[in-house]
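# Structural characterization, general
One letter stands for each residue in the lines below.
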Amino acid sequence: PAEVENKVVPFQKVSGKDIIQNGNNVEIDLRNGEFKKEDNEMKSQQMDNVTILASIHPGKLLTYTHVPNKFFLCEMGMPVIIDPDKLSPEERQTYEEGFRRNAFNQYASDMISLHRSLPDGRDPECKQTEYLNDLPDVSVIIIFHNEAWSVLLRTVHSVLDRSPPHLLKEIILVDDFSDFDHLKQPLNEYVSMLAKVSLIRLMERSGLTRARIKGFDASSGEVAIFLDSHCEATEGWLEPLLDRIARNETTVVVPMIDPISDTDLKISFQPASTANAGGFDWDLLFDWRPIQESERKRRNYKDYLPFRTPAMPGGLFGISRQFFTYLGKYDAGFDIWGSENLELSFKTWMCGGTLETVPCSHVGHIYRNRNPYSKPDETETLKRNSIRLAEVWLDEFKAYYYERINHTLGDYGDVSDRKTLRQTLNCKSFRWYINNIYPELFIPSDSIASGEIRSKVEPVCADVVYDYIFERIIPTPCHGNAGNQYWLLSTENDIRRDSRCWYYVEWLSEIKLYNCHGQPSHSEWVYRDDDSIYHSESRRCLELSTDAKQIRLNECSGHERQKWVWNRIAAD
Ligand code: LR7
Ligand code: MN
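## A short note on the nonpolar core
Formed by 92 residues in total, the largest nonpolar core has its most connected members in Val 140, Phe 280, Phe 346, Phe 430 and Tyr 433. Element by element, the count of residues in this core is highest for strand β6 (residues 138-144), at six residues. Two domains each donate at least three residues to this core, and these are domain 2 (124-366) and domain 3 (378-436). Beyond its immediate sequence surroundings of up to four residues, Val 140 is in contact with Val 159, Leu 168, Glu 170, Ile 171, Ile 172, Ile 225, Leu 227 and Trp 237. Core analysis: the second largest hydrophobic core is formed by 23 residues, Trp 487, Leu 489, Ile 511 and Ile 533 among them.

Shown next as structure tokens:
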């Protein structure tokens with residue numbers, strides 16, 4: 001596909017005759033346009049004109065959106081770059097309100113066509129692959145809580161525009177008790193005009209797990225595909241997913257997830273060669289991991305072929321109706337956010353299925369830094385979800401998570417039904433899952449020491465502070481609740497928690513956290529008999545500063561400030 005530069009051009013008139021079909025692309029010739037600065041009427045007419053045409057040639061049209069006095073070419077997933085300092089006070093307010101309510105740039109999104117075109121960067125093999133003729137039909141289930149209008153409807157239209165009609169049975173929107181005004185009557189009216197789209201309203205805040213179950217129960221396609229409410233399906237996204245399920249009903253599929261920027265809405269199309277697998281750590285949160293070497297080899301290093309993955313991120317996936325039902329859908333006891341993704345990953349593998357990423361299928365997703373919506377008692381809800389998950393699926397391995405929360409289980413509700421389900425389905429053990437599906441997971445029992453790292457001179461423990469984008473090791477008063485004061489010393493002499501390792505940054509004289517399997521290569525720490533923690537590369541020792549505000553390295557002196565107690569030390 002033609003690469004399009006993100007050009008800034010003066011505000012100009014666009015009419016039908018200026019629109020030129022050029023191969024697969026449609027270009028707008030602005031040379032004959034006339035400059036019409038104050039004409040708001042013109043502006044909206046132009047927008048209408050372009051939008052209507054865009055829906056006739058979905059994905060094939062380049063359109064323009066405006067910021068005051070400027071047009072930005074923002075199709076092909078190009079960014080909309082806005083300088084907030086140049087906005088009028090009212091527009092500036094709208095801009096900021098958009099960020100505040102959504103944690104992404106709603107103002108920019110509102111300028112982009114609901115049918116915007118996207119780049120097609122699929123590997124060439126994807127377009128040559130012959131998919132089965134007789135594919136199952138699909139219900140796409142999109143749940144949302146307080147989503148922005150343009151983002152939600154761009155998700156819907158991207159699915160309508162880019163799915164073969166005979167395969168798309170329906171789109172089911174599930175409103176998880178939103179209170180944004182535009183999601184009330186205006187959404188009813190809009191949806192009533194769209195064929196195949198229906199809207200379910202939940203009468204209380206249910207959280208994403210129960211919202212998905214409601215949507216699933218109301219749907220009837222042979223396959224269910226779930227999407228977050230801020231996604232964009234790209235050309236050819238559907239067939240590669242359905243093909244895998246058609247060949248094996250117990251295959252659960254995840255597309256490539258292309259990041260859409262939260263600031264300028266640019267989509268970064270990820271080539272298959274950059275695909276990651278999914279994993280998690282003992283905090284029981286999903287994370288991305290390199291694809292296993294065995295799996296790369298099994299596919300003869302052909303990046304475009306589906307690969308097995310230990311876990312799914314959770315928001316975008318397809319599953320056959322029968323298999324999802326067989327697996328008992330989700331634990332309906334999960335509240336608001338979290339845990340359903342790992343539950344379904346474990347169940348899929350342990351109860352007879354396969355979880356795959358399908359690199360030929362691409363769907364965009366807006367990643368954001370925070371969740372903008374209200375979440376009642378966030379940490380408690382997530383912890384409760386995680387405990388339910390651990391109780392039912394982790395067997396003896398649940399201890400590693402419980403150690404992280406200092407065994408403060410609290411009331412996590414009743415999970416007996418879920419345990420019965422696991423028994424009835426005769427699912428394999430978590431040990432089997434780790435040994436066979438996720439052997440790269442770090443097992444804490446292999447560690448030399450674990451728990452808090454407490455100074456011998458003051459009641460402070462090694463903790464982490466998030467300063468800007470880095471996580472720095474600092475001393476804080478020991479609280480005895482594990483959490484961020486919980487550290488493992490691995491047999492490879494890493495000090496780590498989950499996949500984050502201590503790394504000494506020499507030029508800053510600071511210890512920061514880095515990915516254990518990423519760059520830079522690791523720092524080696526040795527816990528010695530004299531209770532010092534020795535950093536091999538610099539040959540220095542971990543020391544608490546005299547004001548007890550820093551943890552740094554210094555010449556090993558045997559001083560009390562260099563002595564640390566690690567609260568569980570493996571017997572050897
Ligand atoms: O109470 C709620 N009710 C809802 O309906 C809370 C959320 N939601 C909706 C929300 O509007 C959105 O459409 O649920 C969807 C997911 O919520 P997000 O977008 O806030 O979640 P996320 O993208 O930060 O989180 C990822 O992990 C979650 C764990 O529960 C879910 O599985 C999300 O679907 C999942 N998203 C993805 O996998 C997209 C890829 C990102 C990654 C990694
Ligand atoms: Mn999301």
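## Overview of the coordination of the manganese ion (ligand 2)
Within the first shell, the manganese ion (ligand 2) binds the protein through Asp 228 (OD), His 230 (NE2) and His 365 (NE2), at distances of 2.2 to 2.3 Å. Between consecutive donors of the manganese ion (ligand 2), the numbers of intervening residues give the motif D-x1-H-x134-H. When its relative accessible area of 18% is taken as the criterion, Asp 228 is described as buried.

## Digging into the packing of helix α12 (residues 378-393) against helix α14 (residues 416-424)
Axis separation between α12 and α14 bottoms out at 9 Å; the angle between their running directions is 35 degrees. Note that α12 runs across α14; the crossing there is right-handed. Where α12 approaches α14, its residues Glu 391, Val 392 and Trp 393 are matched on the opposing element by Arg 418, Lys 419 and Arg 422. The residue inventory of the contact of α12 with α14, partitioned by class, reads two nonpolar, no polar and four charged.

## What about the side chain of Glu 391?
Along the chain, the position of Glu 391 falls in helix α12. With relative accessibility at 12%, the residue Glu 391 sits in the buried group. Looking at Glu 391, its side chain comes within polar contact range of the side chain of Lys 419, at 3.3 Å.

## A look at the sheet that holds strand β26 (residues 540-544)
Within the open sheet, the four strands sit side by side as β24-β25-β26-β27. Their pairing is antiparallel. Edge positions in the sheet fall to β24 (525-527) and β27 (551-555), since each of these pairs with one other strand and no more. Strand-to-strand, the axes of this sheet are offset by a mean angle of 40 degrees, without reference to chain direction. When strand β25 (residues 533-535) meets β26, the two strands line up antiparallel, connected through two bridges. In the sheet register, Tyr 534 faces β26, and the bridge partner there is Cys 541.

## Some remarks on the site of ligand 1
As a structural note, the neighbourhood of ligand 1 is formed by 28 residues, with Asp 176, Ser 229, Gly 338, Glu 340 and Tyr 373 the closest of them. In this structure, His 230 approaches ligand 1 through a side-chain N or O atom, which is 2.9 Å from an oxygen atom. At 2.5 Å from an oxygen atom of ligand 1 is found a side-chain nitrogen or oxygen belonging to Tyr 373. Per-element tally for the shell around ligand 1: the top contributor is helix α7 (residues 207-218), with three residues. Here the shell around ligand 1 is built from residues that sort into twelve nonpolar, ten polar and six charged.

## Section: the pairing of strand β22 (residues 500-505)
Note that strand β21 (residues 495-497) and β22 share two bridges and pair antiparallel. Looking at the pairing, Arg 496 lines up with Cys 501 of β22. Linking β21 to β22, which pair antiparallel, is a turn of two residues; within it Asp 498 sits at a positive phi near 50 degrees. Joining the antiparallel neighbours β22 and strand β23 (residues 510-515) is a turn of four residues, in which Ser 509 adopts a positive phi near 55 degrees.

## What to know about the pattern of salt bridges
Under the definition given, this model contains 37 salt bridges. Across the salt bridge formed by Glu 391 and Lys 398, the nearest N and O atoms sit 3.3 Å from each other. What makes Lys 398 partly exposed here is its relative accessible area of 27%. Residue Arg 540 is joined to Glu 506 by a salt bridge in which the shortest nitrogen-to-oxygen separation is 3.5 Å. Taken together, the positions of Arg 540 in strand β26 and Glu 506 in the loop between β22 and β23 put the pair 34 residues apart, joining distant regions of the chain. The exposed category is assigned to Glu 506, whose relative accessible area is 53%. Through salt bridges with shared partners, a single ionic network connects Asp 85, Arg 92 and Glu 96.

## A short note on the state of the cysteines
Throughout the structure, instances matching the rule amount to five disulfides. Note on cysteine connectivity: Cys 126 is disulfide-linked to Cys 360, with sulfurs 2.0 Å apart. Between Cys 126 and Cys 360 the disulfide shows an S-S torsion of about -80 degrees. By sign, it is left-handed. In this pair, Cys 126 is assigned in helix α4 (residues 124-128) and Cys 360 in strand β16 (residues 354-366), connecting sequence segments 234 residues apart. Look at Cys 126 and you get buried, because its relative accessible area is 3%.

## Quick word on the pairing of β26
Across the five residues of β26, five count as buried, placing the element largely inside the fold. Where β25 hands over to β26, the hairpin turn is made up of four residues, of which Arg 539 adopts a positive phi near 55 degrees. Relative to β27, β26 runs antiparallel, the two sharing five bridges. Bridge assignment links Leu 542 to a residue of β27, and that residue is Leu 553.

Reading the values: rules and limits
- Residues numbered from 1 in each chain as written.
- Chains lettered and ligands numbered in written order.
- Predicted model: local features only at pLDDT ≥ 70, side-chain atom pairs only at ≥ 80, totals over all residues.
- Heavy atoms only, no water.
- Core = buried A, V, L, I, M, F, W, Y, C linked by side-chain atoms within 4.5 Å.
- Buried < 20%, exposed > 50% of the residue type's maximum accessible area, 1.4 Å probe, protein only.
- Helix = DSSP H or I, 4+ residues; strand = E, 2+ residues; numbered from the N terminus.
- Domains from an automatic or database assignment.
- Contact = heavy atoms within 4.5 Å.
- Donors = N, O, S within 2.8 Å, 3.2 Å for Na, K, Ca; no water.
- Axes fitted to C-alpha atoms, helices over the stretch in contact; angles between N-to-C directions.
- Left-handed = near helix turned anticlockwise from the far one by under 90°.
- Nonpolar A, V, L, I, M, F, W, Y, C, P; charged D, E, K, R; others polar.
- Polar contact = N/O pair within 3.5 Å; in protein donor to acceptor, adjacent residues only side chain to side chain.
- Pairing = 2+ DSSP bridges.
- Near = heavy atom within 4 Å.
- Salt bridge = Lys/Arg side-chain N within 4 Å of Asp/Glu carboxyl O.
- Disulfide = S-S within 2.5 Å.

None of this, on its own, says anything about what the molecule does.
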